[in-house]
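This is what each chain is made of:
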Amino acid sequence: MDLIIAANWKMHKTATETREFCDSVIQNEKSFKGVEVLICPPFTALSAASAALKDSSVKLGAQNMHWEQQGAHTGEIAAPMLLEFGVEYVIIGHSERRHLMGEDDDQIRRKVNAALENNLKPILCVGETETEREQGLTERVIEKQLAGALGDLDLNKAENMVVAYEPVWAIGSGKAASEDDAENAAVLIRRYCLNNFGEKVVASLRIQYGGSVKVGNIHSFLALPSIMGALVGGASLEADSFRDLVQAARKAV
Ligand code: PGA
């Protein structure tokens, strides 16, 4: 299984900026071999990204989706709208959506199920806040988030899932988790999935680390036995820095 490096652009980049970034990044795609590279632009730039990436190996992801196929949900986006642009992955339950937009486990569970139902691969984000960590609740929080999101998972559809361990305090702070903490969380996630969903699901499960990943530290996370990729925010916004990041990741393969 390839490592998966995903760029989460959050609320950054217009369609024009997206086109420029994609044109620049695909010039180096030969040097990405062995790493699955994924760009998750805002919804408004999916069309531009899709056109720019269409002949390349770089894949497209969305940052969120609604669980219904269509309907009266002003401002929301449904899976069929993403599929039209060749979107393959969708980030679900990012901490900014949980904590800033009030997304709860029930909504996240519906989104995961809807993604799988539509053959989109979910990147489920889990991770504790700083306070939870200080209170020694990290493991309990991760298990609760996994149970909430994956509570009624359809095991026949749950292949190729990605779970991103993203401690909230590490996101955008410049303060990445330690290698031990990242590995411990990944082991916990894998064990939870094995115990609850069995070997078939775990065989194709990839666990990413996210939170202040940079060119200087990506290698140490990818060298960990249980980490198979990274979810990258800030360091994915400049084409040169993102290219360097993927090339650094490749050295870990
Ligand atoms: P960061 O964001 O790399 O800027 O810390 C990661 C994320 O939120 O996915």
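Residues numbered from 1 in each chain as written. Predicted model: local features only at pLDDT ≥ 70, side-chain atom pairs only at ≥ 80, totals over all residues. Heavy atoms only, no water.

(A) Here's a closer look at the overall build of the protein chain. Looking only at helices and strands, one finds eleven helices and eight strands in the protein chain. Rg of the C-alpha trace for the protein chain: 17 Å, near the compact-globule value of 18 Å for 253 residues, within the 12% margin. The principal-axis extents of the C-alpha atoms in the protein chain amount to approximately 45 × 45 × 35 Å. When burial is assessed residue by residue, the protein chain has 52% of its 253 residues classed as buried. Long-range pairs, those at least 24 residues apart, make up 73% of the contacts in the protein chain with a sequence separation of at least 6. Carbon together with sulfur atoms contributes 47% to the accessible area of the protein chain, which is approximately 11,400 Å² in total. Distance between charge centroids for the protein chain: 3 Å, based on 26 positive and 35 negative side chains. (Helix = DSSP H or I, 4+ residues; strand = E, 2+ residues; numbered from the N terminus. Rg over C-alpha atoms; globule rule 2.2 N^0.38 Å. Buried < 20%, exposed > 50% of the residue type's maximum accessible area, 1.4 Å probe, protein only. Contact = heavy atoms within 4.5 Å. Areas by Shrake-Rupley, 256 points an atom, 1.4 Å probe, with all protein chains shown as cover. Lys, Arg positive; Asp, Glu negative; His and termini not counted. Charge placed at Lys NZ, Arg CZ, Asp CG, Glu CD.)

(B) Summary view of the pairing of strand S3 (residues 59–62). Looking at chain direction, strand S2 (residues 35–40) and S3 are connected through two bridges and run parallel. Residue pairing for S3: Ile-39 is matched across the bridge by Leu-60. The parallel pair S2 and S3 is bridged by helix H2 (residues 46–53), and the resulting crossover is right-handed. With two bridges joining them, S3 and strand S4 (residues 89–92) adopt parallel strand pairing. (Pairing = 2+ DSSP bridges. Right-handed = clockwise from strand over helix to strand, strands pointing away.)

(C) A look at the pattern of salt bridges. For the structure shown, the criterion picks out 19 salt bridges. Its salt-bridge partner being Glu-96, residue Lys-10 comes within 2.8 Å of it at the nearest N-O pair. With a gap of 86 residues between them, Lys-10 in the loop between strand S1 (3–8) and helix H1 (15–26) and Glu-96 in helix H4 (residues 95–99) connect regions that are remote in the sequence. Lys-10 sits in the partly exposed class, given a relative accessible area of 22%. The shortest N-O distance in the salt bridge between Arg-109 and Asp-106 comes to 2.2 Å. Here Arg-109 pairs with Asp-106, and both are found in helix H5 (residues 105–117), just three residues apart, close to one helical turn. The class for Asp-106 is partly exposed, based on a relative accessible area of 30%. (Salt bridge = Lys/Arg side-chain N within 4 Å of Asp/Glu carboxyl O.)

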